[in-house]
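Working through the structure, step by step
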Amino acid sequence: MTTTPQTALPPDRVAFLDDLMARMTLPEKLGQLNLITTNIPVEDDKLAEIRAGRVGGMLGGLFPCTFGVNGPEGLRAVQEAAVRESRLGIPLLLAYDVIHGHQTVFPIPLAVSCTWDLDHVEVTARTAAREASASGLNWVFSPMVDIGRDPRWGRIAEGSGEDPYLGAQIAGAMIHGLQGDDLSSPDSVMACVKHFVGYGAPEGGRDYNNADMSPARLWDVYLPPFQAAVAAEAGSVMMAFSAVNGMPSHADTDLLSKILPGVLKVSDFDGIPEMIAHGLGDEAGQIVADDPLQTLSERALRAGVQMDMMGKGFITRLEAALAAGRVTMAQIDSACRAVLEAKEKLGLFADPFARFDPARAAQVILAPQHRQAARTVAADSCVLLKNDGDLLPLAKTGTIAVVGPLADDTKNVLGPWAFQGDPATAVSVLAGIRAVVGDGATVLHARGANITEDRRMLDLLNFAGPKVDLDPRTPEEMQAEAVEVARRADVVIAVVGEAAEMSGESASRMDIGIPENQRDLLKALHQTGTPVVLVTMNGRPLTLPWEAETLPAILVSWFGGCEAGHAVADLLFGDRVPSGRLTTSWPRHVGQVPLPYDRATTGRPGNPANDPGKYSTRCYLDGPSEPLFPFGFGLSTTVFAYGVPQVDAPVLRGDVPLTVTVEVTNAGTRTGVETVQLYLTDPVASVVRPGRQLRGFRKVRLEPGQTQTVSFTLTTADLEFHDQALNRTWEPGQFIIGIGPHSADLKTVSVDWLKD
Ligand code: BGC
């Protein structure tokens, strides 16, 4: 596959960079490849390195770092040192992990993907770019476009779910939001797409673990979002820690050159030296000069990695590698050029201080319109999984018990990777409910339980300082209080789930249910007889078999960011209609994973009841194969009726577009927003194909009784896949087009699509 070449620089800027490079020494060139971390105020030894021209970029410290909070002054000192005190005055790339908002914290990316709304996605990224850039940052390590199909993997929270088609569209919207129409504009930041590639497929769901997969799967499932990001002119890409098919991406010459020409390629944090622990040598399996760091640093450069984040090998070992003839000056020049071009495209040479603007920072950070956007996106991210007897929306009257360890929480609600988010600016669900119901209802509250009582987990979560608050009362005392409150109420809203740190990096779980002590609380609340609305806070799909069987209403609120409390209350009390749809399959039991919706059928039947003559089936003896909630699923507080899809031509020849239409009616009594989904099946092919693949979606808002004809266009590009020789191709024949409310509820029409 070829990727769109990145926009070329104008000739005078090319000449400027040529001249600059001609004046650079070898150590200065290697300095540009060196990406280090800092705290603010920056440490003296790091300032000295910057002044010596030995640093190309800086990443804000991993743990709460204050530059955003205090405005741009701290960071400015770093840029001053580079521009005014180094010999050539080359400005620095100033980076941070801005994952779902900066100080206005949006829902986690997995939640935002559940809006199926590319405008929402772009708004989250644009808002983050405006705020981060006003704090002096010019580079963000976002978006994470890893396809995630294993909910045990904590970083599933940072991506857009399991589907490559949706993931690719979201990747493009993120890049446009972060980089804007003009990357050099002071309110744009350079995106860094991560983690290249296959990082979302770790064996056993354990973070950093390696993956083994067919090349066709790599190309059809894991690469498309990266290709979309490159096509959208993403400025940079970060490598993955893990090895896929035996090769860490930091050393993967083949993939780096095929997919990422013209994009700045950066290692992950310490990712180059970590190849030593992978047991990697050079291309011949040897350690060079008795120095593993040199061996892997030169190998990464040869493979195409251009910036070394925290590995220190580029800055300390490449001179020796050059002298030994193991890397070429052309390879070093090309990496240095990529860094300088990124700086040029960001406008840093024209004005290195344009992004340091305290007045703009004061104006944009947590601006009312940013908070309003966060509230809207948070509401549209929530997914309604169950609503028996139309329990929701609730009336703003009577007595409402708001219970659970996450009900009055302003810290976890921000989610993982929200280092610049300040809990003092966040709205808890309890506060949101109080604000939305006003004086018409009595709102009671009890904590009911801690997030977890699992000591091992707590020790791990709190390893770098206390993260998960514990109530000093015993579980029995907390639960008794909650039960008493529930008995006095007309309805219970139970806000339970995960601590923020239970998802995100290095936060895999083997049990993906609601922690046991919180489930005990739910059972006790249920036994009071007061109806329980379950509101989950979570960074991954959860297994909820008991809850789905027993409780009348379930709303998934993810980690909704600083406006989560208002957003959840808006939905619970009918001020906004629930419209989120899952972008991952939700298993019944962790033993089912991975369980993506596009899995292929096999030769054996799925359910013996449907095929009694056959003894051997592919289902489990102790439970069904199907997920509890399928990909694309989400309820509304109205019901939608679908017609049978229509095509404008039952037989097509060659590369002509096909129009598919379907009538969708709001058959209920409330306004609703539906996400109409189109899936394609290729029933006969030269290789086993996915059972169905998402190929289109449209969001429509319908008043009660209203019908709308929704139209989709398909082209032969939608039919393509990688064959075993990795050729991208499509095969003529019958195709089945299914349209419906989610991946497991489709009405179909078929077409014959012939080559000519
Ligand atoms: C993560 C990256 C992140 C980097 C810098 C790494 O551990 O894998 O996603 O951007 O740290 O914080």
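Residues numbered from 1 in each chain as written. Predicted model: local features only at pLDDT ≥ 70, side-chain atom pairs only at ≥ 80, totals over all residues. Heavy atoms only, no water.

**Notes on the overall build of the protein chain**
Within the protein chain, the regular secondary structure consists of 22 helices and 27 strands. In summary, the protein chain has a C-alpha radius of gyration of 27 Å against a globular reference of 27 Å for 756 residues, a match within 12%. Each of the three principal axes of the protein chain carries a C-alpha extent, and together these read 75 × 65 × 45 Å. In the protein chain, buried positions account for 61% of the 756 residues. For the protein chain, the computed accessible surface area is about 27,500 Å², with 51% contributed by carbon and sulfur atoms. Each charge class in the protein chain was averaged separately, 64 positive and 91 negative side chains, and the resulting centres sit 1 Å apart. (Helix = DSSP H or I, 4+ residues; strand = E, 2+ residues; numbered from the N terminus. Rg over C-alpha atoms; globule rule 2.2 N^0.38 Å. Buried < 20%, exposed > 50% of the residue type's maximum accessible area, 1.4 Å probe, protein only. Areas by Shrake-Rupley, 256 points an atom, 1.4 Å probe, with all protein chains shown as cover. Lys, Arg positive; Asp, Glu negative; His and termini not counted. Charge placed at Lys NZ, Arg CZ, Asp CG, Glu CD.)

**Digging into the sheet that holds strand 22 (residues 693-702)**
Pairing within the open sheet is mixed, and its five strands lie in the order 19-27-26-21-22. Of all strands in the sheet, those bounded by a partner on one side alone are strand 19 (651-653) and strand 22. On average, adjacent strands in this sheet sit at an angle of 25° to one another, irrespective of strand direction. Examined bridge by bridge, strand 19 and strand 27 (residues 745-754) share three bridges and lie parallel to one another. By the bridge assignment for strand 27, Val651 is matched with Asp752. (Pairing = 2+ DSSP bridges. Axes fitted to C-alpha atoms, helices over the stretch in contact; angles between N-to-C directions.)

**Concerning the packing of aromatic side chains**
Within this structure, the stated rule accounts for 16 aromatic pairs. Taking 5.6 Å as the distance between ring centres and 25° as the angle between the ring planes, the aromatic pair formed by Phe629 and Phe633 counts as stacked. Neither residue differs from the other here; Phe629 and Phe633 are each classed as buried. These aromatic residues form a ring-pair network of at least three members: Trp116, Tyr165, Tyr597, Phe631, Tyr679 and Phe697. The ring of Trp417 is capped by Lys194, whose NZ or CZ atom sits 5.3 Å from the centre of that ring. (Phe/Tyr/Trp six-rings, centres within 6.5 Å; stacked < 30°, edge-to-face > 60°. Lys NZ or Arg CZ within 6 Å of the ring centre and 35° of its normal.)

**A few points about the pairing of strand 26 (residues 733-742)**
The side chains of a regular strand alternate between both faces of the sheet. Buried residues dominate strand 26, accounting for seven of its 10 residues. Across five bridges, the pairing between strand 21 (residues 672-681) and strand 26 is antiparallel. Each residue of the ladder has a partner; that of Leu680, found in strand 26, is Ile737. Pairing analysis gives eight bridges linking strand 26 to strand 27, with the strands arranged antiparallel. Within the sheet, the bridge partner assigned to Phe735 lies in strand 27 and is Val751. Between strand 26 and strand 27, which pair antiparallel in sequence order, lie two residues.

**A short note on the domain arrangement of the protein chain**
Assigned domains of the protein chain: these are domain 1 (11-360), domain 2 (383-579) and domain 3 (640-754). When each unit is reduced to the centre of its C-alpha atoms, the spacing between domain 1 and domain 2 is 36 Å. Opposite the 31 residues of domain 1 that make contact, domain 2 presents 26 residues. When domain 1 packs against domain 2, close to 2,400 Å² is buried across both sides, 61% of that on carbon and sulfur atoms. Broken down residue by residue, the surface that domain 1 buries against domain 2 is led by Val105, Pro151 and Arg152, which jointly contribute 20%. Between domain 1 and domain 2 we count one salt bridge in total. In this structure, the salt-bridge partner of Arg155 is Glu505, at a minimum N-O distance of 3.6 Å. On inspection of domain 1 and its partner domain 2, the count reaches 16 residue pairs in polar contact (both at pLDDT 80 or more). Here the side of domain 1 that touches domain 2 is built from residues that sort into 18 nonpolar, seven polar and six charged. (Domains from an automatic or database assignment. Contact = heavy atoms within 4.5 Å. Buried area = accessible area lost by both parts, 1.4 Å probe. Salt bridge = Lys/Arg side-chain N within 4 Å of Asp/Glu carboxyl O. Polar contact = N/O pair within 3.5 Å; in protein donor to acceptor, adjacent residues only side chain to side chain. Nonpolar A, V, L, I, M, F, W, Y, C, P; charged D, E, K, R; others polar.)

**Brief notes about the packing of helix 16 (residues 368-381) against helix 22 (residues 564-572)**
In contact at an axis separation of 8 Å, helix 16 and helix 22 are set at 50° when each is read in the N-to-C sense. Between helix 16 and helix 22, the angle falls in the class oblique. Viewed along their axes, helix 16 and helix 22 form a crossing whose handedness is right-handed. Across the interface between the two elements, Arg375, Ala378 and Ala379 from helix 16 touch Ala564, His566, Ala567, Asp570 and Leu571 from helix 22. (Parallel < 35°, antiparallel > 145°, perpendicular 65-115°, else oblique. Left-handed = near helix turned anticlockwise from the far one by under 90°.)

**Quick word on helix 3 (residues 44-51)**
When we look at burial in helix 3, the residues that qualify are Lys46, Leu47 and Ile50. Relative to the axis of helix 3, the buried residues are bounded by an arc of 105° and lie together on one face. Seen from the buried face of helix 3, the exposed residues on the opposite side, beyond 90 degrees, are Asp44 and Asp45. (Arc of directions from axis to C-beta.)

**Some thoughts on the sheet that holds strand 13 (residues 441-446)**
The six strands are arranged 11-16-15-14-12-13 in an open sheet whose pairing can be described as mixed. Here the strands that pair on one side only, and so sit at the sheet edges, are strand 11 (383-387) and strand 13. Across the sheet, the mean angle separating the axes of adjacent strands is 15° when strand polarity is ignored. Note: strand 11 against strand 16 (residues 553-556), four bridges, orientation antiparallel. The residue bridging Asn387 from the neighbouring strand is Ala553, located in strand 16. Relative to strand 13, helix 17 (residues 429-437) is tilted by about 170°, and along the sheet it contacts strand 12 (398-403), strand 13, strand 14 (491-497) and strand 15 (532-537).

**Some details on the site of the ligand**
Around the ligand, the surrounding shell holds 12 residues, and the nearest of these are Asp97, Arg155, His195, Asp268 and Glu505. A distance of 2.8 Å separates an oxygen atom of the ligand from a polar side-chain atom of Arg155. Between the ligand and His195 there is a distance of 2.7 Å, counted from an oxygen atom to a side-chain nitrogen or oxygen. Relative to its free-state accessible area of 310 Å², the ligand is covered by the protein chains to the extent of 96%. Grouping the constituent residues of the shell around the ligand by class yields six nonpolar, one polar and five charged. (Near = heavy atom within 4 Å.)

**What about the pattern of salt bridges?**
Enumeration over the complete set of coordinates arrives at 40 salt bridges. A salt bridge links Lys46 to Glu43; the nearest nitrogen and oxygen atoms lie 3.7 Å apart. One salt bridge in this structure joins Arg488 and Glu484, with 3.3 Å as the shortest N-O distance. Exposure remark for Arg488: the relative accessible area of 48% places this residue in the partly exposed category. Overall, Glu484 belongs to the partly exposed group, its relative accessible area being 38%.

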